[in-house]
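What the coordinates show
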Amino acid sequence: MVFSYKTRNEEIRKVQDEEMDLLVIGGGITGAGVAVQAAASGMKTALVEMQDFAEGTSSRSTKLVHGGIRYLKTFDVEVVADTVQERANVQHIAPHIPKPDPMLLPIYDEAGATFNMFSAKIAMDLYDRLAGVTGKYANYTIDKSEVLEREPQLEKEGLQGGGVYLDFRNNDSRLVIENIKKAHEDGAYMLNKVKVNKITHDQDGKVNGADVEDLVTGETFHIKAKVVINTSGPWTDEVRELDKNDNLSDKMRPTKGVHLVVDKEKLNVPQPTYFDTGENDGRMIFVIPRENKTYFGTTDTDYHGDFNHPTVTQEDVDYLLRIVNRRYPDAAIGLDDIESSWAGLRPLIAKNGGSDYNGGGNDKLSDESFNNVVNTTKKYLEDAAKRGEVEKAIKEADSEQDDGEVDPSQVSRGSSLEEASDGLMTLSGGKITDYRLMAVGALRKIQEKLDDHFDLIDSKEYPVSGGDIDPENVDEELEKLAKQAQEKGLSEKDAFYLADLYGSNLPTVLTYDEPIQGLNQRDSLSLNYALNEELVLTPVDYLMRRTNFILFMRDELDNVKQPVIDKMADFYQWTKEEKERYIKELEDVLAESGLQELKEG
Ligand SMILES: Cc1cc2nc3c(=O)[nH]c(=O)nc-3n(C[C@H](O)[C@H](O)[C@H](O)COP(=O)(O)OP(=O)(O)OC[C@H]3O[C@@H](n4cnc5c(N)ncnc54)[C@H](O)[C@@H]3O)c2cc1C
Ligand SMILES: O=P(O)(O)OC[C@H](O)CO
């Protein structure tokens with residue numbers, strides 16, 4: 001039992017007897033990325049997550065590792081530069097997770113269009129240039145007929161043509177858990193369902209740890225740490241309120257984003273597609289094929305509700321269906337076609353506060369400023385202008401902006417690293433795609449606060465758990481791994497499914513070959529591994545975050561649901577009441593994801 005309920009209990013004991021070098025609050029991608037680099041650098045590290053790992057925003061994204069090409073319209077060039085360059089770094093350290101998946105960008109001639117064919121080409125060239133993309137994945141434009149050849153269902157009226165550029169599909173929860181496991185492998189205490197209730201201080205008023213609660217047992221205890229970092233995403237301000245000495249003002253402006261999932265037969269798109277909503281609202285929508293489904297999103301609305309439980313409303317559904325049915329006139333997708341859904345909160349920094357790594361100008365620009373930057377950029381790409389001229393054009397455009405409240409979609413997706421007067425560090429904002437880079441900056445500061453006692457690792461060369469495969473030959477590597485699974489009797493399809501999910505951990509997964517009643521060989525291996533090495537505590541942890549059963553494999557869910565519950569009830573020796581509680585939790589999650597309440601009107 002390497003990373004299971006049993007080790008969790010042991011580590012809850014141990015963590016109380018030691019002083020940590022670093023305590024990380026929040027087990028989404030940001031916290032996981034910091035913990036990996038800290039533990040690998042030799043720091044005594046503990047991370048506490050009040051829900052399951054990734055249960056916050058980091059399992060509710062659009063599931064892309066991408067640079068945010070639309071941010072070029074608001075000149076968040078630093079955000080785009082950081083994130084588009086980080087794509088390759090994330091793929092390098094987690095080769096089994098992000099997969100190159102060129103995006104189709106249909107261009108419509110309509111009010112508020114983000115791009116026209118000219119500016120789309122400039123943006124894609126800049127995007128590729130920033131990321132050093134050349135060769136088979138270099139971007140290109142296609143005309144209207146070619147776009148419709150690829151996607152005959154697309155709206156024809158106003159269609160000008162399209163662009164095709166590289167971005168990556170991602171499994172966000174998987175990326176988090178592989179970072180969490182890596183930090184744990186390197187000796188960090190990684191504790192889910194443990195909540196910070198108070199930030200504590202020494203007699204000089206300096207942060208020295210936190211009072212926490214084990215939400216499984218109700219036990220409360222203290223974790224002593226030399227450095228404490230708040231990586232709680234949308235909850236950042238709430239966690240800072242747990243520190244009575246934190247003198248910084250509130251900074252977050254969480255916005256809700258919703259995705260809906262339909263069967264591939266209802267909306268069959270051959271490749272990820274990204275287009276304007278057609279509502280002149282500055283938003284763009286992704287439509288993405290995944291397993292045998294198609295999902296689309298997102299909305300972007302200010303959110304003031306329960307952060308643990310953002311929900312999909314009728315308004316969200318109406319908005320997304322209106323747009324998708326406009327763009328795919330024959331699809332005629334209705335509420336009842338929606339199989340699953342999810343809602344998440346962007347940890348946006350209010351007042352465009354993205355700084356440190358990702359800056360950000362954030363408002364609509366006058367056409368003159370916009371065209372000036374586009375034309376200067378075009379000259380730069382043709383080596384007819386210097387970088388300084390582009391920067392000058394951007395600065396002039398920037399100066400045009402004021403700090404007024406901007407639309408949610410215009411707020412920078414940049415990140416911020418701050419330290420309060422009592423020493424509490426806060427790393428907030430950003431995206432999944434630049435989590436590694438965000439952590440690099442935080443580790444430099446942590447290292448300084450620890451009097452430079454540690455040699456920081458090169459995180460660009462430090463694979464996550466499951467990532468020990470050649471990033472330049474992923475397909476061949478996964479094929480070799482899948483062959484090992486086929487030798488154990490798995491079908492080719494199931495073998496590749498496991499290789500894709502677990503990467504270089506597959507040989508270990510194959511050792512967990514005790515059959516589970518009611519599950520096939522593939523799912524028995526997967527569940528046994530999750531219980532023993534991925535700290536799964538509930539059926540939802542397994543079916544929503546360690547696998548994609550709830551979101552993209554709904555057809556198979558009914559066959560596995562009960563055997564999973566029965567196995568976990570036995571593994572954890574649940575009482576009848578506990579088992580009923582977990583069954584209800586799962587049914588509630590399925591009803592919510594399936595929009596049952598909306599469907600019942
Ligand atoms: C709709 C949507 C689409 C997106 N799409 C993409 C995309 O495709 N690609 C991309 O790169 N980015 C995307 N993003 C952005 C990305 O998802 C987020 O930036 C990222 O997940 C934030 O991670 P985090 O770790 O900072 O926050 P979170 O994942 O929310 O983690 C914070 C954690 O802190 C925990 N916590 C809070 N309070 C406490 C406490 N008191 N004690 C202990 N734990 C606590 C929470 O439970 C939570 O799990 C998207 C975001 C949204 C909302
Ligand atoms: O924050 P936005 O507007 O880029 O929306 C999130 C995307 O869907 C993917 O990053």
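Residues numbered from 1 in each chain as written. Chains lettered and ligands numbered in written order. Predicted model: local features only at pLDDT ≥ 70, side-chain atom pairs only at ≥ 80, totals over all residues. Heavy atoms only, no water.

1. Structural notes on the overall build of the protein chain
Stated formally: A run of DSSP states H or I qualifies as a helix once it reaches four residues; a run of E qualifies as a strand once it reaches two. Both are numbered from the N-terminal end. C-alpha atoms define the radius of gyration in this analysis, and the globule rule sets the expected value at 2.2 Å times the number of residues to the power 0.38. Remark: exposure states derive from per-residue accessible area (1.4 Å probe, protein chains only) relative to the maximum for the residue type, with buried under 20%, exposed over 50%, and partly exposed in between. Only heavy atoms matter for contacts: two residues are in contact if any of them lie within 4.5 Å across the pair. Areas reported here follow the Shrake-Rupley algorithm with a probe of radius 1.4 Å; residue values treat only the protein chains shown as occluding. His is not counted, nor are the chain ends; Lys and Arg add positive charge and Asp and Glu add negative charge. Just so you know, the charge point we use is NZ for Lys, CZ for Arg, CG for Asp and CD for Glu.
Helices and strands together make up the secondary structure of the protein chain, namely 20 helices and 20 strands. The C-alpha atoms of the protein chain give 24 Å as radius of gyration, which agrees with the globular expectation for 601 residues (25 Å, within 12%). Taking the principal axes of the C-alpha coordinates as reference, the protein chain spans close to 65 × 60 × 50 Å. The buried share of the protein chain, taken over its 601 residues, is 61%. Across the protein chain, every contact between residues at least 6 apart in sequence was considered, and the portion connecting residues at least 24 apart equals 74%. Accessible surface, the protein chain as shown: approximately 23400 Å² in total, 46% of it carbon and sulfur. Here the protein chain contributes 71 positively and 113 negatively charged side chains, and the mean placements of these two sets differ by 1 Å.

2. Concerning the site of ligand 1
For clarity, the threshold we go by: To be near a molecule or strand, a residue needs just one of its heavy atoms within 4 Å of it. Any N or O atom pair separated by 3.5 Å or less is treated as a polar contact, with the protein-specific requirement of one donor-capable and one acceptor-capable atom, and with residues adjacent in sequence counted only for side-chain atom pairs. Put simply, Ala, Val, Leu, Ile, Met, Phe, Trp, Tyr, Cys and Pro go in the nonpolar bin, Asp, Glu, Lys and Arg in the charged bin, and everything else, Gly too, in the polar bin. For the domain bounds, the source is a domain assignment made automatically or taken from a database.
The environment of ligand 1 is formed by 39 residues, the closest being Thr30, Glu49, Ser58, Leu64 and Thr433. Residue Thr57 places a main-chain N or O atom 2.9 Å away from an oxygen atom belonging to ligand 1. One of the side-chain N or O atoms of Thr433 is found 2.8 Å from an oxygen atom in ligand 1. Bound to the protein, ligand 1 loses 98% of the 1000 Å² it would expose on its own. The set of elements that each furnish at least two residues to the shell around ligand 1 consists of helix 2 (29–40), strand 2 (45–49), strand 10 (194–201), strand 13 (255–263) and strand 18 (340–346). In the shell around ligand 1, the residues fall into 13 nonpolar, 20 polar and six charged. The residues that make up the shell around ligand 1 include at least three from each of domain 1 (5–58 + 173–250 + 412–461) and domain 2 (100–170 + 253–346).

3. Some remarks on the site of ligand 2
The immediate surroundings of ligand 2 are formed by Thr62, His66, Arg70, Tyr71, Arg283, Phe286, Thr298, Arg346, Arg413 and Lys431. Within the contact set of ligand 2, an oxygen atom lies 2.6 Å away from a side-chain nitrogen or oxygen of His66. For ligand 2, whose unbound accessible area comes to 290 Å², protein coverage reaches 92%. Of the residues that constitute the shell around ligand 2, the class distribution is two nonpolar, three polar and five charged.

4. Overview of the sheet that holds strand 8 (residues 168–169)
Formally: One bridge is not enough; two strands pair if DSSP finds at least two bridges between them.
Read across the sheet, three strands follow the order 3-8-4 without closing on themselves; strand pairing throughout is antiparallel. The strands lining the two open edges of the sheet, one partner per strand, are strand 3 (64–65) and strand 4 (99–100). Bridge count between strand 4 and strand 8: two bridges; the pairing is antiparallel. Paired with Lys99 across the strands is Arg169, a residue of strand 8.

5. Quick look at the environment of Asp316
If you trace the backbone, Asp316 turns up in helix 8 (residues 314–327). Judged by relative accessible area, Asp316 falls into the buried class, the value being 6%. On a C-alpha basis, the gap between Asp316 and Thr299 in space is 6.8 Å, while along the polypeptide they are 17 residues apart. Among all residues touching Asp316, those that are not within four sequence positions of it are Lys256, Val258, Thr299 and Thr311.

6. Things to note about the packing of helix 2 against helix 11 (residues 435–449)
Here is the rule: Axis geometry follows a simple rule: fit a line to the C-alpha atoms, using only the stretch in contact for helices, then measure angles between N-to-C directions, giving values from 0 to 180 degrees. Here the word oblique covers every angle except those under 35 degrees (roughly parallel), over 145 (roughly antiparallel) and from 65 to 115 (roughly perpendicular). By the definition used in this description, the sense in which the near helix is turned from the far one sets the handedness, with an anticlockwise turn below a right angle giving left-handed and a clockwise turn giving right-handed.
One way to put it is that helix 2 packs onto helix 11 with a least axis distance of 8 Å and a crossing angle of 55°. In terms of orientation, helix 2 lies oblique with respect to helix 11. In the packing of helix 2 onto helix 11, the handedness of the crossing is right-handed. Across the interface between the two elements, Ile29, Thr30, Gly33, Val34, Gln37 and Ala38 of helix 2 pack against Tyr435, Arg436, Met438, Ala439, Val440, Ala442, Leu443 and Ile446 of helix 11. Taken together, the residues of the contact of helix 2 with helix 11 break down into ten nonpolar, three polar and one charged.

7. Looking at the packing of aromatic side chains
Heads up, the condition is: Ring pairs are drawn from Phe, Tyr and Trp, using the six-membered ring of Trp, whenever the two centres fall within 6.5 Å, and their geometry is named by plane angle: stacked under 30 degrees, edge-to-face over 60, tilted for the rest.
The full count for this structure, using the stated rule, is 16 aromatic pairs. Ring geometry for Tyr295 and Trp342: centres 5.4 Å apart, planes at 50°, overall tilted. In this pair, Tyr295 sits in strand 16 (residues 293–297) while Trp342 sits in strand 18, placing the two residues 47 residues apart along the sequence. With relative accessibility at 1%, the residue Tyr295 sits in the buried group.

8. Concerning the UniProt feature "domain: Alpha-glycerophosphate oxidase C-terminal" (unreviewed entry) in the protein chain
Short version of the rule: UniProt positions are given in the numbering used here, feature names are shortened, and annotations may be inferred rather than shown by experiment.
Taken from the UniProt record, the annotation "domain: Alpha-glycerophosphate oxidase C-terminal" (unreviewed entry) applies to residues 460–579. In this annotation, residues 460–579 is assigned 63% helix and 0% strand; the end-to-end C-alpha distance for the span is 43 Å.

9. Here we look at the domain arrangement of the protein chain
Note the following rule: Buried surface area refers to the total accessible area, computed with a probe of radius 1.4 Å, that the two partners give up upon joining, counted for both partners together. By definition here, a salt bridge exists when the distance from a side-chain nitrogen of Lys or Arg to a carboxyl oxygen of Asp or Glu is within 4 Å.
Splitting the protein chain by domain gives domain 1 (5–58 + 173–250 + 412–461), domain 2 (100–170 + 253–346), domain 3 (367–401) and domain 4 (474–596). Taking only C-alpha atoms, the centre of domain 2 and the centre of domain 4 are 30 Å apart. The junction of domain 2 with domain 4 conceals about 1100 Å² of combined surface from both sides, 57% of it contributed by carbon and sulfur atoms. Counting across the interface, domain 2 meets domain 4 through one salt bridge. Across the pair Asp555 and Lys293 runs a salt bridge whose closest N-O atoms are separated by 2.7 Å.

10. Some details on the environment of Asn247
Considering the arrangement of structural elements, one finds Asn247 in the loop between helix 7 (236–240) and strand 13. Discounting residues that sit within four places of it in the chain, Asn247 has contacts with Ala420 and Ser421.

11. Quick look at the pattern of salt bridges
Tallied over the entire structure, the rule returns 52 salt bridges. Of the charged contacts, one joins Glu178 and Arg174 as a salt bridge, the two residues approaching to 3.2 Å between their closest N and O atoms. With a gap of four residues between them, Glu178 and Arg174 both fall in helix 6 (residues 172–185), about one helical turn apart. The same class applies to Glu178 and to Arg174, which are both buried. Between Glu185 and Lys182 there is a salt bridge, with the nearest N and O atoms lying 3.8 Å from each other. On the criterion of helical spacing, the pair formed by Glu185 and Lys182 is a turn pair, its members being three residues apart in helix 6. Via salt bridges that share partners, Asp52, Glu55, Lys193, Asp541, Arg545 and Arg546 belong to a single interconnected network.

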